[in-house]
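Analysis of the macromolecular model
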Number of protein chains: 2
Amino acid sequence: MTVTDGQRPGRRPGRRPGSADTRGEILAAARRTFAEKGFDKATVRGIARAAGVDPALVHHYFTSKEGVFVAAMELPIVPDEVIPQVLTGPREEMGERLVRFILTVTSDAEARQPLLALVRTAMTNEKAAGMIREFMTHALLLRVAEALDIPPIRMEAAFAQLFGVVLARYVLELEPLASAGVEELVALLAPAVQRYLDGSR
Amino acid sequence: MTVTDGQRPGRRPGRRPGSADTRGEILAAARRTFAEKGFDKATVRGIARAAGVDPALVHHYFTSKEGVFVAAMELPIVPDEVIPQVLTGPREEMGERLVRFILTVTSDAEARQPLLALVRTAMTNEKAAGMIREFMTHALLLRVAEALDIPPIRMEAAFAQLFGVVLARYVLELEPLASAGVEELVALLAPAVQRYLDGSR
């Protein structure tokens, strides 16, 4: 409920449809909407309303609800930035770096929202689960497994540990896990993750 | 679509409302319904319809949708049976027993359904997340942590590992994790879980 509410309803007259700002506002609105409603209940119309633009503009930029979803979801974890960040440094500290990275990113409520929306969606929508699976597998897990020369299943085990912790922390809100600090959890979890990354089997 | 469909719609005339069989059929119908729809979209009316009984009978047995849910969810993992099964035997093999137990239970699609319904529900419904959190914490995690004399957060880390694996396997269907055999995964995951159960700090 800010000053801009006065410009509603519908589109904001003073802005050109093609501006980068409009695209960014649609993506921000989409993240909020998917995080709140999950994929199935969210609509292009609802996202457009939240962004203060015409639904046709959302279709113009992203073709479909799926298109908005993928674009919105790509923002918090950009593989080309994350992977080098985790791989750079001593290999025996990689588990620690990975755990710290995931816990730090997810500590930020705004960064966490789209990730939880993603999981929420995957739980009830097979198409979305497929999108996430393909993204996870090809953009992240296989690339890291290849860089480390370990079997992909070991990356998946490490992912599962961190995935489970994030859900236990922010969805189930199990205590004391939910209130524990990042460094306490790094000390607890990094040895398990490191073991998966060490390879062999 | 069996012969009993001929007895519909509404209640089945030949059965007494108080029979154990009716209660069991309502619970079975509730598990199917929650697994399909999650908690929010499932209705007492829908569960009653799936069981072929009057909605009033569902209310009579379980008071509310929440009541049906808790009763239906308690069935696959009964703490009083599971905990001794995991605790009995050499402590250094406890991680292995726990991993094998969880992977074996979840290998069965019928046992898995209610667990996934539970998670699906928790993702979108705070009340359900609260129910699960309380059930998990008081009926399972704290009891095992106390029996093993380890900090509860270590049980939560072990739980998170297995929770993440089950979701990666059956919701995201990440490969090769989804197709891996139980014993292959026991070998991969048990050392991490055992480390959590070994305690200290």
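Residues numbered from 1 in each chain as written. Chains lettered and ligands numbered in written order. Predicted model: local features only at pLDDT ≥ 70, side-chain atom pairs only at ≥ 80, totals over all residues. Heavy atoms only, no water.

Some words on the relation of the copies chain B and chain A
To go from the first copy of the chain to the second, apply a rotation about an axis and then a shift along the same axis. When chain B is fitted to chain A, the best match, at an RMSD of 0.0 Å, comes from turning it 180° and sliding it 0.0 Å along the axis. These values place the two chain copies in the arrangement generated by a two-fold rotation axis. In this assembly, 100% of the residues forming the interface of chain B have copies in chain A that are likewise at the interface, indicating an isologous arrangement. (Least-squares fit on C-alpha atoms with pLDDT ≥ 70 in both. Contact = heavy atoms within 4.5 Å.)

Looking at the UniProt feature "DNA-binding region" (unreviewed entry) in chain A
Mapped onto this structure's residue numbering, the UniProt feature "DNA-binding region" (unreviewed entry) falls at residues 43–62 of chain A. Helix makes up 80% of residues 43–62 of chain A and strand 0%, whereas the separation of the span's terminal C-alpha atoms amounts to 13 Å. (UniProt positions renumbered as here; feature names shortened; annotations may be inferred. Helix = DSSP H or I, 4+ residues; strand = E, 2+ residues; numbered from the N terminus.)

Re helix 3 (residues 55–62) of chain A
Residues and elements named next belong to chain A. Burial in helix 3 covers these residues: L57, V58 and F62. Looking straight down helix 3, one finds its buried side chains confined to an arc of 105°; they lie on one side. Its side-chain oxygen 2.9 Å from the backbone nitrogen of A56, D54 forms the N-cap of helix 3. The first or second residue beyond helix 3 is T63, which carries a positive phi of 70°. (Buried < 20%, exposed > 50% of the residue type's maximum accessible area, 1.4 Å probe, protein only. Arc of directions from axis to C-beta. Polar contact = N/O pair within 3.5 Å; in protein donor to acceptor, adjacent residues only side chain to side chain.)

Some words on the packing of helix 6 (residues 94–107) of chain B against helix 7 (residues 109–124) of chain B
All names here are of chain B. In the contact formed by helix 6 and helix 7, the axes pass within 5 Å of each other and the chain directions differ by 100°. The angle between helix 6 and helix 7 places the two elements in the roughly perpendicular class. Between helix 6, through V105, T106 and S107, and helix 7, the contact on the second element is made entirely by A109, A111, R112 and L115. A breakdown of the residues in the contact of helix 6 with helix 7 according to their chemical character gives 4 nonpolar, 2 polar and 1 charged. (Axes fitted to C-alpha atoms, helices over the stretch in contact; angles between N-to-C directions. Parallel < 35°, antiparallel > 145°, perpendicular 65-115°, else oblique. Nonpolar A, V, L, I, M, F, W, Y, C, P; charged D, E, K, R; others polar.)

Some words on the environment of K65 of chain A
Inspection of the secondary structure assignment puts K65 of chain A in helix 4 (residues 65–74). The sequence separation of K65 of chain A and A42 of chain A amounts to 23 residues, and the corresponding C-alpha distance is 8.4 Å.

What to know about the side chain of T137 of chain B
Its location among the elements puts T137 of chain B in helix 8 (residues 126–148). We classify T137 of chain B as buried; its relative accessible area is 11%. From its side chain, T137 of chain B meets the backbone oxygen of R133 of chain B in a polar contact 2.7 Å long. Beyond its immediate sequence surroundings of up to four residues, T137 of chain B is in contact with L174 of chain A together with L142 of chain B.

Looking at the packing of aromatic side chains
Remark: the centre distance and the inter-plane angle together describe each pair of aromatic rings, the angle taken between the planes. Counted by the stated rule, this structure contains 4 aromatic pairs over all chains. Seen in terms of ring centroids, Y61 of chain A and F62 of chain A are 5.8 Å apart; in terms of plane orientation they differ by 45°. Their pairing is tilted. On the accessibility criterion, F62 of chain A (6% relative accessible area) is buried. Sitting above the plane of the Y170 of chain B ring, R112 of chain B keeps its charged end 3.9 Å from the centroid. (Phe/Tyr/Trp six-rings, centres within 6.5 Å; stacked < 30°, edge-to-face > 60°. Lys NZ or Arg CZ within 6 Å of the ring centre and 35° of its normal.)

Observations regarding the side chain of Q194 of chain A
Residue and element names in this part refer to chain A. Its place among the elements puts Q194 in helix 10 (residues 182–198). Residue Q194 is classed as buried on the basis of its relative accessible area, which comes to 11%. In this structure, Q194 is in contact with R91, E92, E93, M94, G95 and E96, ignoring residues within four places of it in sequence.

A few points about the pattern of salt bridges
Close approach of charged atoms allows side chains with opposite charge to pair. All chains considered together, the criterion is met by 5 salt bridges over all chains. For the salt bridge of R133 of chain B with E173 of chain A, the shortest nitrogen-to-oxygen distance reads 4.0 Å. With R133 of chain B in helix 8 and E173 of chain A in the loop between helix 9 (152–170) and helix 10, the pair connects residues from two separate chains. Using a relative accessible area of 37% as the deciding quantity, one classes E173 of chain A as partly exposed. Its salt-bridge partner being E96 of chain B, residue R100 of chain B comes within 3.1 Å of it at the nearest N-O pair. Linking R100 of chain B with E96 of chain B, this pair stays in helix 6, spanning 4 residues, or about one helical turn. We classify E96 of chain B as partly exposed; its relative accessible area is 33%. Residues joined in a network through salt bridges with shared partners are E96, R100 and E183 of chain A. (Salt bridge = Lys/Arg side-chain N within 4 Å of Asp/Glu carboxyl O.)

Comments concerning the packing of helix 7 (residues 109–124) of chain A against helix 9 of chain A
All names here are of chain A. It is at 12 Å that the axes of helix 7 and helix 9 come closest, and there the two elements cross at 105°. One way to sum up the angle between helix 7 and helix 9 is to call them roughly perpendicular. Touching R112, L116 and V119 of helix 7 are F163, L167 and Y170, all from helix 9. Class assignment for the residues of the contact of helix 7 with helix 9 results in 5 nonpolar, no polar and 1 charged.

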